[in-house]
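Observations on the three-dimensional arrangement
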Amino acid sequence: QVAQCTEAARRHGLEVHLWKVCWKVAPGSTFYKSCLKAGRLQMRADGSPLPWLSPSHPHNIRYELDALMEVARTYPLDGLHLDYIRYNDRDGDYSAVARKAFEGYLGGKIANWPADATPGGKRAAQFEQFRAREISRFVGQVYRELKAIKPQMKLSAAVFGSYPDCVKSRGQDWAAWLREGTIDFVTPMNYTVNAYQFEGWLSDQLKLPNAKGKIFPGIGLVANESELAPDQLFQQIEVARRLGAPGYALFKLDAPFVKHVLPLMKAGINR
């Protein structure tokens, strides 16, 4: 499928950036069960498993990296696009492997685990920093390995637009990736029906260090958070252009978009 996609795209002058869902596992699947048995899944504070691979487990890191580098080597892609490159929420990861990694980060043992690392605990702030470090470290590894294989390929990521809130809630410090140069561009999911809110988010994002030319705002045409009529879509595109964004990302491509919205874009705002 990837070969067919890239071949078709070349005929139309399109780039292909492969969308990769990171860390998530199908609940109840054979793979989920094997990872649960091997201690590779994230755990909630109450000890119940999450259908997410722990980003602190060396096997999980290598598993994700190998998948990404395989497609990078095999196909004439223009980039890799990371999604779910974060924790699901604040209730993870409290697995044994995460505890060991966190203790290594602190340089000492934690007697009261996981209570000290949960919100309100005396190590809560350090645990938030640790989670962000685990995700940022993985992004850096992807970037270095990708550039060693295909220097011309771009690395990007779908990220939460509510920065810096997403650092605490998801461990996703994407501004640090821009600042440190471990990502080529990001697509903040600025999904809203409110054009003023969209403008506020994007304006703040474009002011981040080293963000110039690297913020392609995500517009929620059909998303959980928003569903836009064509005129609302065009308004947000105009905001992105006025603020100086180099482009934008639409979510999502489906049959109604192709049939009803794309012709209007071609005739109007993208004429």
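Owing to the predicted nature of the structure, the values given are computational and were not obtained by experimental measurement. (Residues numbered from 1 in each chain as written. Predicted model: local features only at pLDDT ≥ 70, side-chain atom pairs only at ≥ 80, totals over all residues. Heavy atoms only, no water.)

1. Quick look at the pairing of strand E4 (residues 79-83)
The buried count for E4 comes to five of five residues, which makes it a mostly enclosed element. Judged from the five bridges that link them, strand E1 (residues 17-21) and E4 form a sheet pairing that is parallel. Residue pairing in the sheet places valine 21 in a bridge with aspartate 83 of E4. Sheet topology note: the E4/strand E5 (residues 154-160) ladder contains four bridges and is parallel. (Buried < 20%, exposed > 50% of the residue type's maximum accessible area, 1.4 Å probe, protein only. Helix = DSSP H or I, 4+ residues; strand = E, 2+ residues; numbered from the N terminus. Pairing = 2+ DSSP bridges.)

2. Overview of the nonpolar core
Membership of the largest hydrophobic core comes to 59 residues, with the highest contact counts inside it found for Leu80, Ile85, Trp174, Trp177 and Leu233. Here this core takes six residues from helix H3 (residues 58-74), the largest share from any one element. Apart from residues no more than four positions distant in its own chain, leucine 233 is found in contact with Ile219, Leu221, Leu228, Leu250, Val261 and Met265. (Core = buried A, V, L, I, M, F, W, Y, C linked by side-chain atoms within 4.5 Å. Contact = heavy atoms within 4.5 Å.)

3. A closer look at the layout of surface pockets
Considered as a void within the structure, the largest pocket measures approximately 1900 Å³ in volume. Taken together, 40 residues make up the lining of the largest pocket; nearest its centre are His81, Ala249, Leu250, Phe251 and Leu253. Listed by contribution, the elements that provide at least two residues to the lining of the largest pocket are helix H1 (2-11), E1, E4, E5, strand E6 (185-189), strand E8 (249-251) and helix H10 (255-267). Top contributing element to the lining of the largest pocket by residue count: E5, with four residues. (1 Å grid on protein atoms, 1.4 Å probe; cavity = no way out; pocket = protein on both sides within 12 Å on 5 of 7 lines; lining within 4 Å. Points joined across faces, edges and corners; volume = space filled by probe spheres on them.)

4. Quick look at the packing of aromatic side chains
We describe a pair of aromatic rings using the distance from one ring centre to the other and the angle between the two ring planes. This structure, assessed with the given rule, holds 15 aromatic pairs. Between tryptophan 23 and phenylalanine 138, the aromatic rings sit 4.8 Å apart at their centres with planes inclined by 55 degrees, giving tilted as the arrangement. Placement of the pair is tryptophan 23 in the loop between E1 and helix H2 (30-37) and phenylalanine 138 in helix H5 (residues 124-149), with a sequence separation of 115 residues. Judged by relative accessible area, tryptophan 23 falls into the buried class, the value being 0%. Exposure remark for phenylalanine 138: the relative accessible area of 1% places this residue in the buried category. Pairing tyrosine 105 with phenylalanine 130 gives two aromatic rings, centres 5.7 Å apart and planes at 55 degrees, and the pair type is tilted. Residue tyrosine 105 is located in helix H4 (residues 96-106), and its partner phenylalanine 130 is located in helix H5; the two are separated by 25 residues in the primary sequence. The class of tyrosine 105 is partly exposed, set by a relative accessible area of 30%. Site record: aromatic cluster; members linked through ring pairs are Tyr94, Phe102, Tyr105, Trp113, Phe127 and Phe130. (Phe/Tyr/Trp six-rings, centres within 6.5 Å; stacked < 30°, edge-to-face > 60°.)

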